[in-house]
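Structural characterization, general
Chain residues, written in single-letter form:
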Amino acid sequence: MDEASLTVNNELQSDIVLSWLSDHCFRCLFQPLGVVPGRPVPGMLGVANFVLSSQHPLTLQLNSTKINQELCRVYFHFGEHGNYSLWVKNLTDSDVNCTVVVDGEPVNSNLPILVAFLVYAVLCVLFAAGRAVIGLDVVRNLIHSLGSTMETDRLINSELGSPNRAIDSSTDCIPPLVPSNRLRSLDTFRGLSLVIMVFVNYGGGRYWFFKHESWNGLTVADLVFPWFVFIMGTSIALALNTLVRRGTPHCRILHKVLWRSLQLFLLGVLVINPSYCQGPLSWDTLRIPGVLQRLAFSYVVAASLDLMVARTRLDNLPTDAWWYPARDVLLYWPAWFCVIVLETIWLCLTFLLPVPGCPNGYLGPGGIGDFGLYPNCTGGAAGYIDRWLLGTHHIYQNPSSRVLYQTRMPYDPEGVLGSINSVLMTFLGLQAGKIILHYKDQHAKIMSRFAIWGFVLGIISSILTKCSKDHGFIPVNKNLWSLSYVTTLSCFAFVILLIIYYIVDVKKWWSGSPFFYPGMNSILIYVGHEVFEDYFPFKWKMSNSQSHTEHLAQNLVATSFWVLISYLLYRKKIFWKI
């Protein structure tokens, strides 16, 4: 997959060296690919065959082996499974011409995505049509005549029926599965993020844009974890407000927060990180950071800050006070102050901490990046702190920069320093929860504040990045969890939450299905998909492992199974809470 065949035909008498450089590799050195022999005798060609990446456009450089002089450069985007020829000809004694010829057309590797989209779109249309048919009075009366009244009402008023139809308590005493005051948009957004996370973790059809970005920039895989963190912050605000209003002592709430964080951390270290299929747990190489560990840290810090400034009542505030229009922010200024202090610590450590052999404030990938000047500086201060605190054997060994930038240093994208910015992401999600609490049932005000926050965070991101991928003050980078990464993804999160809130909770045009169901059982689905990743029906032996089609089908089937499992758990009222 993602490869093309290139045959170089050399008409020159001297040997030439072929090197390549990916358009996606920022400030990288040309990498030698091989030597093409010169023509042995007049009338014959020097021929060499190579395999190239088809993921991104490449620049090919041909140099003379005798005097190391550049002969020509070719910029070309090779297609997957395509066959190409590069002809090197002498036009004059000093002028060399290089031309790429397509010998075999590449395949359209994106076609399976289109087919999969159409299949799921048809299923959604059939589901919506079926729900509409079931809601018709004629069909309803027919079902009543065929079955008991109790079973019919349970069918019509289930999640497969109309989401707007109320349950008649006189005929059905079964309570609703979801409390009426629970925002479905939050569970829908959480479930959407989780479903995409499961899909990309299972491989995403082996497409490069469903994998994590090599260093700076964003792919689909880089979006979902921050959104999950954001929604966790929103849920913290709503959950703690409920407990405080009930009069639960702060010490008891703090105990629950600490206990839940400890459980998340242990799940990540002892269940998710080890690969038990490869042998028993090894303490010598056990990875300590991870996704659930990052969630645990973000949760305990954000919940503690919110508990520190929590108020028993929000409906007795003086409406004539100068701060009342911004009460959802100013009432919690001590917590905001703590978050700003944490962010200041991140900035100081990132840009001022001396790292041996690296320039201060280095944010690059190391390896062949930055023209190979800092090969062992992957992640700068973030990588240095992890290796110093945790040791090289207890962090992630195969970062996403290893392939493109050829880095050799271990680096953990869920490391210590990035956890500070994940707290900021959680706290911005918590701010969304404060907006919902202070403007309860005032849909216009809630949505306008979501839009304002999204706009402000978008402006901050554009300033930090200079609206570029690699040339900003602080580029968007998932591996570093950079400040611009948090502001950019928070901007997206506010906008998406606004849209889902309007469609699901305000207009009720959509019930949130099917994403609502995994959103109600997020921890179980996440842990389950990690533990059973290598088991049928989530994985099976493929007839062609170099096919995007088979990988995409397998990953979509596995993800769909987890959505189905979450629905069945929802119907059985099984929710795993820790």
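Remember, it's a predicted structure, so these values are computed and weren't measured experimentally.

Rules behind the numbers
Here the residue index of a chain counts from 1 through its sequence in written order. Restriction of local features to residues with pLDDT of at least 70 applies here, the model being predicted, together with a cutoff of 80 or more for giving and counting side-chain atom pairs; totals for whole chains, interfaces and linings are based on all residues. Only hydrogens and water are set aside; all other atoms, that is, all heavy atoms of the structure, feed into the side-chain values. Strands were regarded as paired on the criterion that DSSP finds at least two bridges between them. Helix numbers and strand numbers start at the N terminus; a helix is a DSSP run of H or I with at least 4 residues, a strand a run of E with at least 2. Lines are fitted to the C-alpha atoms to define the axes, a helix being fitted only along its stretch in contact, and any angle between axes, read from their N-to-C directions, falls within 0 to 180 degrees. pLDDT is a residue-level measure of predictor confidence that goes from 0 to 100. Only heavy atoms matter for contacts: two residues are in contact if any of them lie within 4.5 Å across the pair. Relative accessible area decides the class of each residue, using a 1.4 Å probe on protein chains only: under 20% of the type maximum gives buried, over 50% gives exposed, and in between gives partly exposed. Working rule for helices: expected span equals 1.5 Å times residues minus one. Throughout, disulfides are identified as pairs of cysteine sulfur atoms within 2.5 Å of each other.

A short note on the sheet that holds strand 5 (residues 58-64)
- Across the sheet, which stays open at both edges, the 4 strands sit in the order 3-2-5-6 with antiparallel pairing between neighbours. Each edge of the open sheet carries a strand with a single partner, namely strand 3 (31-36) and strand 6 (70-76). Averaged over all pairs of adjacent strands, the angle between their axes in this sheet comes to 20°, without regard to strand direction.
- Judged from the 7 bridges that link them, strand 2 (residues 16-22) and strand 5 form a sheet pairing that is antiparallel. Across the sheet, residue Ser22 finds its bridge partner in strand 5, namely Leu58.

Concerning the confidence of the model for the protein chain
- Summarising the model, the protein chain shows a mean pLDDT of 88, and 93% of its residues fall at 70 or more.
- Between residues 158-180, whose pLDDT stays under 50, and residues either more than four places distant or in other chains, the model counts 41 contacts.

Overview of the side chain of Thr234
- Relative to the assigned elements, Thr234 resides in helix 5 (residues 224-245).
- Judged by its relative accessible area of 0%, Thr234 falls in the buried class.
- When near neighbours in sequence (up to four residues on either side) are disregarded, Thr234 contacts Leu186, Gly429, Leu430, Ala432, Gly433 and Ile436.

Looking at helix 7 (residues 291-308)
- For helix 7, built from 18 residues, the straight-helix expectation of 26 Å at 1.5 Å per residue is met to within 8% by its first-to-last C-alpha distance of 26 Å.
- Counting buried residues in helix 7 gives 14 out of 18 residues, a clear majority hidden from the surface.

Description of the state of the cysteines
- Under the definition given, this model contains 3 disulfides.
- Put simply, Cys25 and Cys28 are joined by a disulfide, and their sulfur atoms are 1.8 Å apart. What sets the handedness of the Cys25 and Cys28 disulfide is the S-S torsion sign, and at about -70° it is left-handed.
- Owing to a relative accessible area of 9%, Cys25 belongs among the buried residues under this scheme.
- Judged by relative accessible area, Cys28 falls into the buried class, the value being 7%.
- Here Cys358 connects covalently by a disulfide to Cys377, the sulfurs 1.9 Å from one another. Handedness here is read from the sign of the S-S torsion; for Cys358 and Cys377, about -100°, the answer is left-handed. Residue Cys358 is found in the loop between helix 9 (333-352) and helix 10 (381-389), and its partner Cys377 is found in the loop between helix 9 and helix 10; the two are separated by 19 residues along the sequence.
- The exposure class assigned to Cys358 is buried, which follows from its relative accessible area of 12%.
- In this structure Cys348 is not part of a disulfide, and its nearest cysteine sulfur, from Cys338, lies 16 Å away.

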